[in-house]
Amino acid sequence: PKQTRAAFLEQTVNSLALSGNAFWRVYRNDTRNEVIKLECLNPFDVLIQSDDLGNLQSYVYRGTEKLSIADIQPLSLLRVPGNLYGLGPIQSAQKELLAITSTRDYVSDWFAAGGTPAGILKTDQMLDGADAQRAADAWNALGSGKTAVLGNGLSFQSTYLSPKDAQFLETQSFGVEQTARLFGIPVNLMATALQGGSMTYSNIEQELISFTRFTLAAYYVEIEEAMTALLPGRLTNVAKMNIDALLRSDTLTRYQAHQIALDPTSGWLSKDEVRNIEGLAPNGAI
């Protein structure tokens with residue numbers, strides 16, 4: 001009651017994506033045992049307790065509060081037989097994500113303190129160890145942004161690699177692509193482009209439809225079934241997400257679909273039903 005429906009669904013989806021689990025705390029009416037309130041708990045604060053055979057017994061919230069099976073509606077993204085906890089992309093692909101972060105950290109450390117000199121002082125004159133050390137100390141003492149004056153025929157040659165030469169940009173792009181694959185997200189939604197591929201409007205449209213049907217379906221079908229399990233009259237009442245707007249790419253396509261549904265001979269929707277889909281009040285309603 002203290003948050004919007006969108007915020008509740010956002011917490012649920014984030015819980016599934018980050019941990020593979022979501023836990024709704026269920027509050028019921030004392031007299032009729034009907035659900036009156038749901039609260040999305042932090043999945044990392046919920047401990048599942050089982051018996052010796054692995055059967056679910058109860059839940060413990062934040063280490064102290066014990067909750068019964070009826071008090072919690074669990075949701076899972078990926079179920080493994082014999083495991084009461086679900087798996088998310090992070091848990092099921094830890095090695096891939098670790099490789100991405102390790103590569104990122106290595107590149108960052110390489111630029112910060114990789115042990116490679118920023119440059120070389122060169123001269124065609126003979127220098128003994130003391131002269132070379134004095135030249136190096138004088139150069140290092142300058143710091144960045146200072147004007148250097150070189151003598152004894154010294155010249156400076158940079159050995160510093162640019163981010164492009166070090167393939168830093170390619171490494172970052174690969175990490176984004178790999179993460180997008182693990183979470184099932186089209187790369188164009190990650191503000192990057194797939195290497196070696198070109199995206200057209202048609203390609204993007206089909207990719208977004210596939211994103212809705214396959215990636216988002218793993219989330220919204222789980223939410224639909226969890227909601228249905230809590231509805232009164234669960235044998236006749238079913239909770240369903242309206243994803244029609246997501247599957248239709250633009251306004252013209254959506255209106256053409258409405259036109260077909262309203263056809264006098266073969267249509268199956270009334271004008272008021274179409275207006276309801278568009279979020280409009282029925283004709284004549286104030």
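Right, let's walk through the structure included here.

What counts, and where the lines are drawn
- Residues numbered from 1 in each chain as written.
- Predicted model: local features only at pLDDT ≥ 70, side-chain atom pairs only at ≥ 80, totals over all residues.
- Heavy atoms only, no water.
- Helix = DSSP H or I, 4+ residues; strand = E, 2+ residues; numbered from the N terminus.
- Expected span 1.5 Å × (residues − 1).
- Buried < 20%, exposed > 50% of the residue type's maximum accessible area, 1.4 Å probe, protein only.
- Phe/Tyr/Trp six-rings, centres within 6.5 Å; stacked < 30°, edge-to-face > 60°.
- Lys NZ or Arg CZ within 6 Å of the ring centre and 35° of its normal.
- Pairing = 2+ DSSP bridges.
- Axes fitted to C-alpha atoms, helices over the stretch in contact; angles between N-to-C directions.
- Salt bridge = Lys/Arg side-chain N within 4 Å of Asp/Glu carboxyl O.
- Core = buried A, V, L, I, M, F, W, Y, C linked by side-chain atoms within 4.5 Å.
- Contact = heavy atoms within 4.5 Å.
- Arc of directions from axis to C-beta.

Taking 1.5 Å of rise per residue, the 15 residues of helix α1 (residues 5-19) would be expected to cover 21 Å, and the 21 Å separating its terminal C-alpha atoms lies within 8% of that figure. Along α1, the positions that sit buried rather than exposed are Phe8, Thr12, Ser15, Leu16, Ala17 and Ser19.

One pass over the full model with this rule turns up two aromatic pairs. With a centroid separation of 5.2 Å and 45° between ring planes, the pair formed by phenylalanine 8 and tryptophan 24 is classed as tilted. Of this pair, phenylalanine 8 sits in helix α1 while tryptophan 24 sits in strand β1 (residues 21-28); the two residues are 16 residues apart in sequence, bridging distant segments of the chain. By the burial criterion, phenylalanine 8 is buried, and tryptophan 24 matches it. Ring centres of phenylalanine 23 and tyrosine 59 lie 6.0 Å apart, and the angle between their planes is 70°; on these two criteria the pair is classed as edge-to-face. With phenylalanine 23 in strand β1 and tyrosine 59 in strand β4 (residues 56-61), this pair connects stretches of sequence that are 36 residues apart. By relative accessible area, which is 2% here, phenylalanine 23 ends up buried. Classification of tyrosine 59 by relative accessible area gives buried; the value is 2%. The cationic tip of lysine 37 hangs over the ring face of tyrosine 27; the distance from NZ or CZ to the ring centre is 4.3 Å.

On to the sheet that holds strand β6 (residues 72-76). Read across the open sheet, the three strands follow the order β2-β1-β6; overall the sheet is antiparallel. The open sheet is flanked by β2 (35-41) and β6, the only strands paired with a single partner. Neighbour-to-neighbour, the strand axes of this sheet turn through a mean angle of 25°, independent of strand direction. In terms of strand pairing, β1 meets β6 through five bridges, oriented antiparallel. The residue bridging asparagine 21 from the neighbouring strand is serine 76, located in β6.

All right, on to the sheet that holds strand β5 (residues 65-67) then. One open sheet accounts for three strands, arranged β3-β4-β5; its pairing is antiparallel. Both edges of this open sheet fall to β3 (46-50) and β5, since each of them pairs with a single strand only. The average angle at which neighbouring strand axes cross in this sheet is 30°, direction not considered. Pairing analysis gives three bridges linking β4 to β5, with the strands arranged antiparallel.

A word on the pattern of salt bridges. This structure, assessed with the given rule, holds seven salt bridges. In this structure, glutamate 65 and arginine 25 form a salt bridge, with 2.6 Å as the shortest nitrogen-oxygen distance. Placement of glutamate 65 in strand β5 and of arginine 25 in strand β1 is noted, with a sequence separation of 40 residues between them. Relative accessible area serves as the criterion here: at 15%, arginine 25 is assigned to the buried category. Linking glutamate 224 and lysine 240 is a salt bridge whose minimum nitrogen-to-oxygen distance equals 3.6 Å. Taken together, the residues span a long stretch of sequence, with glutamate 224 in helix α6 (residues 201-230) and lysine 240 in the loop between α6 and α7 (244-247) at a distance of 16 residues. Glutamate 224 sits in the buried class, given a relative accessible area of 8%.

Mapped onto the secondary structure, lysine 66 falls in strand β5. Given a relative accessible area of 60%, lysine 66 falls into the exposed group.

Positioned with a positive phi, asparagine 33 is a non-glycine residue whose angle comes to about 60°. Its location among the elements puts asparagine 33 in the loop between β1 and β2. A positive phi angle, close to 55°, is found at arginine 62, a residue other than glycine. Within the secondary structure, arginine 62 is located in the loop between β4 and β5.

Leu16, Trp24, Leu75 and Tyr219 are the most contacted members of the largest nonpolar core, which has 14 residues in total. For this core, the secondary structure elements donating two or more residues are α1, β1 and α6. Ignoring anything within four residues of it in the chain, the contact list for leucine 16 reads Asn21, Ala22, Leu75, Ser76, Leu77, Gly88 and Tyr219. Counting eight residues, the second-largest nonpolar core is a separate cluster that includes Leu41, Tyr59, Tyr61 and Leu67.

Right, let's get into helix α8 (residues 251-261). When α8 is considered as a whole, its buried residues turn out to be Arg254, His258 and Ala261. Down the axis, α8 shows its buried residues gathered within 60° of arc, on one side only. Turned more than 90 degrees from where α8 packs its buried face, Leu252, Gln259 and Ile260 sit exposed. The secondary structure elements touched by the buried residues of α8 are α9 (271-277).

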